[in-house]
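# Commentary on secondary and tertiary structure
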Amino acid sequence: MGKRAARRRSRPQQADTNVHELFDGDKSNWHPLNGQGDAPQNGQRDQSFRRHIRPKSENQAALMEAIDAFNLILALGPAGTGKTFIAVSKAVEALDNGEIGRIVLARPAVEAGENIGFLPGDVEAKMAPYLRPLYDALNDRLGAKRLRQYLSDGTIEIAPIGYMRGRTLNNAFVVIDEAQNCTYGQLKMLVTRLGWNSTMILTGDPDQTDLLPEMSGLSEMSDRLENVEDIACVKLADKDIVRHPLVASMLTVL
């Protein structure tokens, strides 16, 4: 055993071609957040690691301020203006700060122009395709593990609009997404569910409804409530779109 070890030590060391340098160039200039050899500028980090969000336009800033100041908010605007993401982010922020005890998500079960038939599973499984945009925003703010935990213990509740009548939503942050697909009667029922220590935000685009003409109640609801004291109605425009620039260009002609 000793002779073998001595022979191995006496052999010339050969470089292993399967071993490569982890860093290229200057190792001291490497940073884990970008992998380009330079530290991120201006403190920019990946969106999934942000706890707080920053508005990208004046109207988005007005929406965030309204959520902090009012208990009932209507956020109207075209697609891609960040209505849903801001609403969900503020809901998560309120939950993390202990300001509310749960998040309630509701969205009308209306398909975008086609009927895919009956869906299998329980209520959450049936509503999952309609709530996918809300789940994506929650996943960005909470992470998949916390999201699953909150859904299982009821901290985040999926509330079908058809079962909301008669409820009082206390100590909750309520997000009603795609409100343009609700009738005036449904919206009247929803806004009157607001309870103590709760915030409710309705988001939607009155110009993109999947209901029959004149059935959507969002425009009428906003016209009636915008002059009511202690209710905020924030209207976003094409200049607030944060998706691809072509989205804003297309919406001006479509």
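Residues numbered from 1 in each chain as written. Predicted model: local features only at pLDDT ≥ 70, side-chain atom pairs only at ≥ 80, totals over all residues. Heavy atoms only, no water.

This part takes up the side chain of Asn 181. Inspection of the secondary structure puts Asn 181 in the loop between strand 4 (172–176) and helix 7 (184–191). Asn 181 sits in the buried class, given a relative accessible area of 5%. Within the local environment of Asn 181, its side chain forms a polar contact with the backbone nitrogen of Asp 210, the two atoms lying 2.7 Å apart. In this view, Asn 181 contacts Pro 108, Val 110, Gln 186, Gln 208, Thr 209, Asp 210 and Leu 211; residues no more than four positions away in its chain are not counted. (Helix = DSSP H or I, 4+ residues; strand = E, 2+ residues; numbered from the N terminus. Buried < 20%, exposed > 50% of the residue type's maximum accessible area, 1.4 Å probe, protein only. Polar contact = N/O pair within 3.5 Å; in protein donor to acceptor, adjacent residues only side chain to side chain. Contact = heavy atoms within 4.5 Å.)

The computed volume of the largest pocket comes to approximately 870 Å³. Forming the walls of the largest pocket are 35 residues, and the residues nearest its centre are Gly 80, Thr 81, Gly 82, Lys 83 and Phe 85. Elements with a contribution of two residues or more to the lining of the largest pocket: helix 2 (58–69), helix 3 (83–96), helix 5 (132–142) and strand 5 (199–204). Per-element tally for the lining of the largest pocket: the top contributor is helix 3, with 4 residues. Among the residues forming the lining of the largest pocket, the class breakdown is 10 nonpolar, 14 polar and 11 charged. (1 Å grid on protein atoms, 1.4 Å probe; cavity = no way out; pocket = protein on both sides within 12 Å on 5 of 7 lines; lining within 4 Å. Points joined across faces, edges and corners; volume = space filled by probe spheres on them. Nonpolar A, V, L, I, M, F, W, Y, C, P; charged D, E, K, R; others polar.)

Scanning the model with the defined rule gives 10 salt bridges in all. A salt bridge links Lys 90 to Asp 68; its shortest N-O distance comes to 3.0 Å. Linking Lys 90 in helix 3 with Asp 68 in helix 2, this pair joins segments that are 22 residues apart in sequence. A relative accessible area of 6% places Lys 90 in the buried class. Its relative accessible area of 58% is what places Asp 68 among the exposed residues. For Glu 93, the salt bridge is made with Lys 90, and the minimal N-O distance between the two is 3.7 Å. Remark: Lys 90 and Glu 93 occur in helix 3; sequence separation between them is 3 residues, near one turn of the helix. One network of salt bridges, with partners in common, ties together Asp 68, Lys 90 and Glu 93. (Salt bridge = Lys/Arg side-chain N within 4 Å of Asp/Glu carboxyl O.)

Attention now moves to the environment of Pro 55. Position of Pro 55 among the secondary structure elements: in the loop between helix 1 (2–10) and helix 2. For the pair Pro 55 and Ile 86, spaced 31 residues apart in sequence, the C-alpha to C-alpha distance is 8.6 Å. What Pro 55 contacts, discounting residues up to four positions off in sequence, is Gln 60, Ala 61 and Met 64.

Right, let's talk about helix 3 for a bit. Here helix 3 is 14 residues long and its end C-alpha atoms lie 20 Å apart, about the 20 Å a rise of 1.5 Å per residue gives. Counting buried positions along helix 3 yields 11 of 14 residues, so the element is predominantly enclosed. When we look at burial in helix 3, the residues that qualify are Lys 83, Thr 84, Ile 86, Ala 87, Val 88, Ser 89, Lys 90, Ala 91, Val 92, Ala 94 and Leu 95. (Expected span 1.5 Å × (residues − 1).)

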